[in-house]
Amino acid sequence: MEFGSYDDYLESLVDAEGLQYFGDRENLISLFRTGYRALTKDAFEAQQSAHQDSKDPNALFSRNLEPTEQFLRELAVRERPNRLGLLSTIIYIRCMRRSVEISGYIDYEEALRRVQRDLPYSNDWKAIFAGESILRPTPLDLLYYNSRSGRTLRNNTRNYRILCDPVRGLMFRNLYDRKDIYPDPVTGYCGTNTSRLELAASSTYDQVALYDHVVRKNY
């Protein structure tokens, strides 16, 4: 992605070994244009476009995609209001793979923004919305649990602080309006301006729940 044009990219592929076999730079570049040991022009431009979209905070990763899974459709609907700060969604995911459980809570807006900041564990959101990749909690998310390693990690984010109430247990405090989100589904109360949506299990996700908090900012 450091190349300004397709021609610059092709020029970077020319080396002494290639010239030794093909003798002429133009012949070698013409061969590269066919896709031999190189990206075609269409593939190069597609990758540049995807890379630029991932760095643009105003570009929606779900744009022009039609996810087939209900969970991904729900995330696509929530992407724009989360980016604008009107809605704050916490995603709970539990996945079982070969008897290993990976589960946790994801601050959706934080996970979207992580891509623009080039942080570790950045998700390929376009691939996720296209159904080509799986969204899983990571060690940088709000809460992360891996049954194989026994690791349990928690992280405060720009949007939430993790608290533990002696009566209600785990809760997330929104740092913009100071309202608390209670993830315990047994009580039936998730907090002020907060709703909970549990989605049906699928072959990809064993359990998914979305906590949508309408943010009332103090400015």
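Residues numbered from 1 in each chain as written. Predicted model: local features only at pLDDT ≥ 70, side-chain atom pairs only at ≥ 80, totals over all residues. Heavy atoms only, no water.

> Tell me about unusual backbone geometry, and name the residues and values.
One non-glycine residue, Arg98, lies in the positive phi region at around 55 degrees. Within the element layout of this structure, Arg98 appears in the loop between strand E1 (87-97) and strand E2 (100-107). The exposure class assigned to Arg98 is exposed, which follows from its relative accessible area of 80%. Look at Arg178: it is not a glycine, yet its phi comes out positive at around 65 degrees. Locating Arg178 in the fold gives a position in the loop between strand E6 (169-174) and strand E7 (180-181). (Helix = DSSP H or I, 4+ residues; strand = E, 2+ residues; numbered from the N terminus. Buried < 20%, exposed > 50% of the residue type's maximum accessible area, 1.4 Å probe, protein only.)

> So what's going on with the sheet that holds E7? Residues and values would help.
If you trace the three strands from one edge of the open sheet to the other, you get E5-E6-E7, paired in antiparallel fashion. The open sheet terminates on both sides in strands that have one partner only, identified here as strand E5 (160-165) and E7. Inspection of the sheet shows E5 paired to E6 by six bridges, in the antiparallel sense. Note that in E6 the partner of Cys164 across the bridge is Leu170. (Pairing = 2+ DSSP bridges.)

> Requested: an account of the packing of aromatic side chains, with residues and values cited.
One pass over the full model with this rule turns up eight aromatic pairs. Residues Trp125 and Phe129 carry aromatic rings whose centres are separated by 5.9 Å and whose planes lie at 35 degrees to one another, so their mutual orientation is tilted. Of this pair, Trp125 and Phe129 both sit in helix H7 (residues 125-129), four residues apart, which is roughly one turn of that helix. Note on Trp125: relative accessible area 1%, which makes it buried. Grouping aromatic residues by their ring pairs yields a cluster made of Tyr92, Tyr105, Tyr160, Phe172 and Tyr211. Here Arg83 stacks its cationic end above the ring of Phe61, 4.7 Å away from the centre of that ring. Its end group placed over the ring of Tyr182, Arg168 keeps NZ or CZ at 4.4 Å from the ring centre. (Phe/Tyr/Trp six-rings, centres within 6.5 Å; stacked < 30°, edge-to-face > 60°. Lys NZ or Arg CZ within 6 Å of the ring centre and 35° of its normal.)

> Describe the environment of Arg196, listing the residues and the values that go with them.
Following the sequence through the fold, Arg196 ends up in strand E8 (residues 194-199). The exposure class assigned to Arg196 is partly exposed, which follows from its relative accessible area of 27%. C-alpha separation for the pair Arg196 and Ile90, spaced 106 residues apart in sequence, amounts to 9.6 Å. Setting aside residues no more than four positions away along its own chain, Arg196 makes contact with Pro183, Pro185, Cys190, Ala209, Leu210 and Tyr211. Within the structure, Arg196 has its side chain in polar contact with the side chain of Tyr211 (distance 2.9 Å). (Contact = heavy atoms within 4.5 Å. Polar contact = N/O pair within 3.5 Å; in protein donor to acceptor, adjacent residues only side chain to side chain.)

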